[in-house]
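Below are the chains, spelled out letter by letter.
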Amino acid sequence: MKGLRAAKSYIVTGGGGTKLYVEEGGNPDGQPLVFIHGFNQSRYVWAKQFQSELLQDFRLIAFDNRGHGWSEKPVEAYQESEWWAKDLDAVLTELQVKKPILIGWSYGGLVVFDYLRFIGEKAIGGVNLVGARSRIGTTEAAAETGKDYHALKPKLLANEMTAALEGIATFLALCSKRRLPPEEYYYFLGFNAMIPPYVRQALMKRTLSNEDIMTKLSTPFLITHGKEDQVVLPSHALYNRNQLTHATLSSYEETGHMPFWEQEQRFNQELKDFADTIMQEN
């Protein structure tokens, strides 16, 4: 499994001085698409977008969140939403990104809302929420999370390596409706396994709810969600659609937590159509 087809790489200083690793590919004059991965992942989850026809028309940018991939992994730098907002803002500012579409997968949705809360929506063209969360650590968020995912958390957050790897393996199995072939499974396992336990633990200690800002947003949203998602249940996608004034929900049959990977052709086409619509409106 190949990684990103990137033409440039950058080191950007985010919130609190954390160094973030960023890669860029595609058409430098095209509409920017900025990809934000989820919990315990890396920029490499977007390989099927960075190896697609999207490269012809769009400027693709992906970065490793703080604590993940090739970005810095400070011990205590995950609780403040403003840090996450400043991370994304630093990437957009350093790379001079104009009116991007933000694509936030799973936990990446929280990063998007952190940005919208502290930086605002003025510089954003649109948002694609992909199996994404807008709240965490609340009773409501727990009810919108799959029971099998709840059950594996003790292992997933364990300090002991054997237990943690078992938790990660179970987590990866939950992410996809179909069983990943060995090449893809070990591709994901590699960057999942490199995340320090203290990062996984810190991310799960956050308590966030964005109800106070969601109904006030005028940014166009595309909500992409698998009907068989066992990590973030489809009920949360419905909640997000109802909270957001300008949102369209696209539900994927026979698809789990990774529509961009499980049905990449449909996902890429819908993302292209969404971006084209926003470009026409602007």
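See the structure printed just above.
As the structure is a prediction and not an experimental result, all values here were calculated from the model. (Residues numbered from 1 in each chain as written. Predicted model: local features only at pLDDT ≥ 70, side-chain atom pairs only at ≥ 80, totals over all residues. Heavy atoms only, no water.)

Student: Explain the layout of surface pockets here, please?
Tutor: Rolled over the atoms, a probe as big as a water molecule pinpoints where empty space is left. Roughly 210 Å³ of volume is contained in the largest pocket. Contributing to the lining of the largest pocket are K48, S52, E53, L54, Q56, D57, E264, Q265, N268, Q269 and K272. With five residues, helix α13 (residues 264-281) is the single largest residue contributor to the lining of the largest pocket. Split into classes, the residues belonging to the lining of the largest pocket amount to one nonpolar, five polar and five charged. In this structure, the second largest pocket encloses a volume near 160 Å³. For the second largest pocket, the full set of lining residues is A169, L172, A173, S176, R178, R179, L180, P182, Y185 and Y186. Those elements that provide at least two residues to the lining of the second largest pocket are α7 (161-175) and α8 (182-193). (1 Å grid on protein atoms, 1.4 Å probe; cavity = no way out; pocket = protein on both sides within 12 Å on 5 of 7 lines; lining within 4 Å. Points joined across faces, edges and corners; volume = space filled by probe spheres on them. Helix = DSSP H or I, 4+ residues; strand = E, 2+ residues; numbered from the N terminus. Nonpolar A, V, L, I, M, F, W, Y, C, P; charged D, E, K, R; others polar.)

Student: When you look at helix α3 (residues 81-94) in this model, what are you seeing that I'm missing?
Tutor: Since one α-helical turn is 3.6 residues long, residues separated by three or four positions face the same way. Look at α3: 20 Å from first C-alpha to last across 14 residues, which is about the 20 Å you get at 1.5 Å a residue. For α3, the full list of buried residues reads S81, W84, A85, D87, L88, A90, V91 and L92. Looking one or two places after α3, you find Q96, whose phi comes out positive at around 55°. (Expected span 1.5 Å × (residues − 1). Buried < 20%, exposed > 50% of the residue type's maximum accessible area, 1.4 Å probe, protein only.)

Student: Explain the sheet that holds strand β9 (residues 221-226) to me, please; I cannot follow it from the model alone.
Tutor: In sheet architecture, strand pairing relies on hydrogen bonds along the backbone and comes in two forms, parallel and antiparallel. Pairing is mixed across the open sheet formed by eight strands, whose spatial order is β1-β2-β4-β3-β5-β6-β9-β10. Edge strands, defined here as strands with exactly one partner in the open sheet, are β1 (8-13) and β10 (247-252). With direction set aside, neighbouring strand axes in the sheet form an average angle of 20°. In terms of strand pairing, β1 meets strand β2 (residues 19-26) through six bridges, oriented antiparallel. Bridged to V12 within β2 is L20. Relative to strand β6 (residues 126-130), α13 is tilted by about 160°, and along the sheet it contacts β3 (31-36), β4 (58-63), β5 (101-105), β6, β9 and β10. (Pairing = 2+ DSSP bridges. Axes fitted to C-alpha atoms, helices over the stretch in contact; angles between N-to-C directions. Contact = heavy atoms within 4.5 Å.)

Student: What is the right way to read the packing of helix α6 (residues 147-156) against α7 from this model?
Tutor: A pair of packed helices can be characterised by two numbers: the angle between their axes and the separation between those axes. Two elements in contact, α6 and α7, have axes separated by 8 Å at closest approach and are oriented at 155°. It follows that α6 is roughly antiparallel to α7 by the angle criterion. Once α6 is placed against α7, the crossing between them reads as left-handed. Across from D148, Y149, L152, K155 and L156 in α6, the residues of α7 making contact are A163, A164, E166, G167, I168, T170, F171 and L174. Among the residues making up the contact of α6 with α7, the classes are represented as eight nonpolar, two polar and three charged. (Parallel < 35°, antiparallel > 145°, perpendicular 65-115°, else oblique. Left-handed = near helix turned anticlockwise from the far one by under 90°.)

Student: Teacher, can you tell me more about the pairing of β6 here?
Tutor: It is a general feature of regular strands that their side chains alternate between the two faces of the sheet. Counting buried positions along β6 yields five of five residues, so the element is predominantly enclosed. Pairing geometry for β5 and β6, over five bridges, is parallel. Within β6, the residue paired with I103 across the bridge is N128. Regarding the hand of the β-α-β motif, the stretch spanning β5, helix α4 (residues 108-118) and β6 is right-handed. (Right-handed = clockwise from strand over helix to strand, strands pointing away.)

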